[in-house]
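Per-entry structural report
Take a look at the letters that make up each chain.
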Amino acid sequence: VAKGLLERLAEGPVLGDGGYLLELEKRGYVRAGPFTPEVSITHPDALAGLHREFLLAGVDVLQALTFYASEEKLATVGLAGRVDDINRAAMEAARAVAAEGDALAALTLSMTWAYDPRDSRSRDRIRAMFDRQIEVAIDVGCDLIVAETFTWLEEALLATERAKRTGLPLVTTVAIEERPHDMEGHSPAECARRLADAGADVVGINCMRDPERTLPLMQEVREAVEGYVATQPVAFRTSEDRPSFTAYREFPFHLDPLQLTRADMAAYAGQAQSMGINYIGSCCGSVAAHVRAMAKVLGKVDDDEREWEIDYDKPRSAYEYHKHTEMT
Ligand SMILES: [Zn+2]
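Thresholds applied
- Residue positions are counted from 1 within each chain, in the order its sequence is given.
- Predicted model: local features are reported for residues with pLDDT of at least 70 only, side-chain atom pairs are reported and counted for 80 or more only, and whole-chain, interface and lining totals are derived from all residues.
- Side-chain numbers come from the whole structure's heavy atoms, not from hydrogens or water.
- Coordination here is defined by N, O and S atoms within 2.8 Å of the metal (3.2 Å for Na, K and Ca), and since water is not considered, a site can look incomplete.
- Only protein chains enter the calculation, and the probe is 1.4 Å; a residue is then buried if its accessible area is under 20% of its type maximum, exposed if over 50%, and partly exposed in between.
- Here a helix means four or more residues in a row that DSSP labels H or I, a strand means two or more in a row labelled E, and each is numbered from the N terminus.
- Working definition of a nonpolar core: buried Ala, Val, Leu, Ile, Met, Phe, Trp, Tyr and Cys residues. They are joined through side-chain atoms within 4.5 Å.
- Two residues form a contact once any of their heavy atoms are found within 4.5 Å.

Some thoughts on the coordination of the zinc ion
At this site the zinc ion is bound by C207 (SG), C283 (SG) and C284 (SG), with donor distances of 2.2 to 2.3 Å. Taken in chain order, the donor set of the zinc ion reads C-x75-C-C. Of the two residues examined, C283 and C284, each falls in the buried class.

Laid out in structure tokens, this is it:
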């Protein structure tokens with residue numbers, strides 16, 4: 001039996017996986033625009049294959065592609081009636097591949113597209129949506145829940161409330177888009193405190209920002225809470241002017257030249273570890289090669305394998321190139 005999340009966190013940094021939807025879109029299995037997760041029923045082998053790449057890279061956690069698998073979001077592509085099928089197939093894929101190695105399978109909860117801060121009735125609707133995803137995941141079998149990419153703290157709190165009822169370990173992270181706070185004006189530190197108080201075992205920030213735009217906010221999170229903290233930034237270069245990669249004209253078809261190198265992501269993993277971040281992962285734009293570089297830095301692969309592998313201290317030419325083009 002694989003060690004649980006909390007046991008792993010007690011021993012040292014836990015390595016999360018990378019991004020799924022953007023990579024599967026590049027491979028031809030996901031529609032750009034809606035970026036909905038029906039690949040779990042249309043091409044389950046493609047999804048399992050990407051899980052396997054992350055497993056081989058050395059991750060501790062595989063997140064089921066239940067991101068955006070809510071009735072509201074799937075209705076935008078005419079698949080509202082397939083919600084349970086899509087969630088079940090996604091959880092089964094993560095569960096099966098995790099069992100091939102020493103990884104944990106996580107249910108992913110994310111923004112439902114049903115949250116309306118002005119409508120208190122939307123809260124009960126969202127609770128029901130999360131409960132439906134949780135019920136399917138428990139039925140298949142999941143080791144933990146990762147609730148992520150919430151731009152409203154209140155929706156993240158609803159996910160935390162529903163996930164806590166399962167008794168499973170829970171990671172809840174928010175997405176900080178253009179401004180250094182959520183859509184309702186809460187700072188990253190306040191989001192982290194409220195989520196920790198609500199019972200999330202691990203709290204932090206994921207998606208939207210590159211590591212350089214995420215780690216300073218994570219410093220505030222680290223100082224705000226006593227418990228475990230997590231971050232999963234994107235592997236696309238963003239800037240102070242536009243910290244969120246979805247705000248770029250380049251999104252989604254011209255992002256390639258903005259993609260970070262393995263060396264960039266390895267450097268990020270090392271920085272995150274030295275800051276005391278406990279759950280170190282990545283999000284959109286991060287593929288198995290990035291995650292493998294992070295795994296080496298975090299000591300998740302054998303030492304003898306390190307010796308002949310890439311020297312990550314070499315000049316980071318692509319990184320320097322982006323720096324230059326940002327300034328001119
Ligand atoms: Zn992302």
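Now that the structure has been shown, the text picks up again.
A word on unusual backbone geometry
The peptide bond linking F251 to P252 adopts the cis configuration, its omega dihedral lying at -5°. Here P252 shows up in the loop between β7 (228-232) and α11 (262-274). Of note, the phi angle at F35 is positive, near 50°, even though the residue is not glycine. One can find F35 in the loop between α2 (21-26) and α3 (39-42). With relative accessibility at 7%, the residue F35 sits in the buried group. Positive phi values are uncommon outside glycine, yet T149 reaches one of about 65°. Note that T149 resides in strand β4 (residues 144-150).

Focus on the nonpolar core
Core analysis: the largest hydrophobic core is formed by 92 residues, its most contacted members being L24, L62 and L109. Setting aside residues no more than four positions away along its own chain, L109 makes contact with F130, Q133, I134, I145, V146, A147, E148, F150, A159 and A163. By size, the runner-up hydrophobic cluster in this structure holds twelve residues, among which are L144, V146, A230 and Y279.

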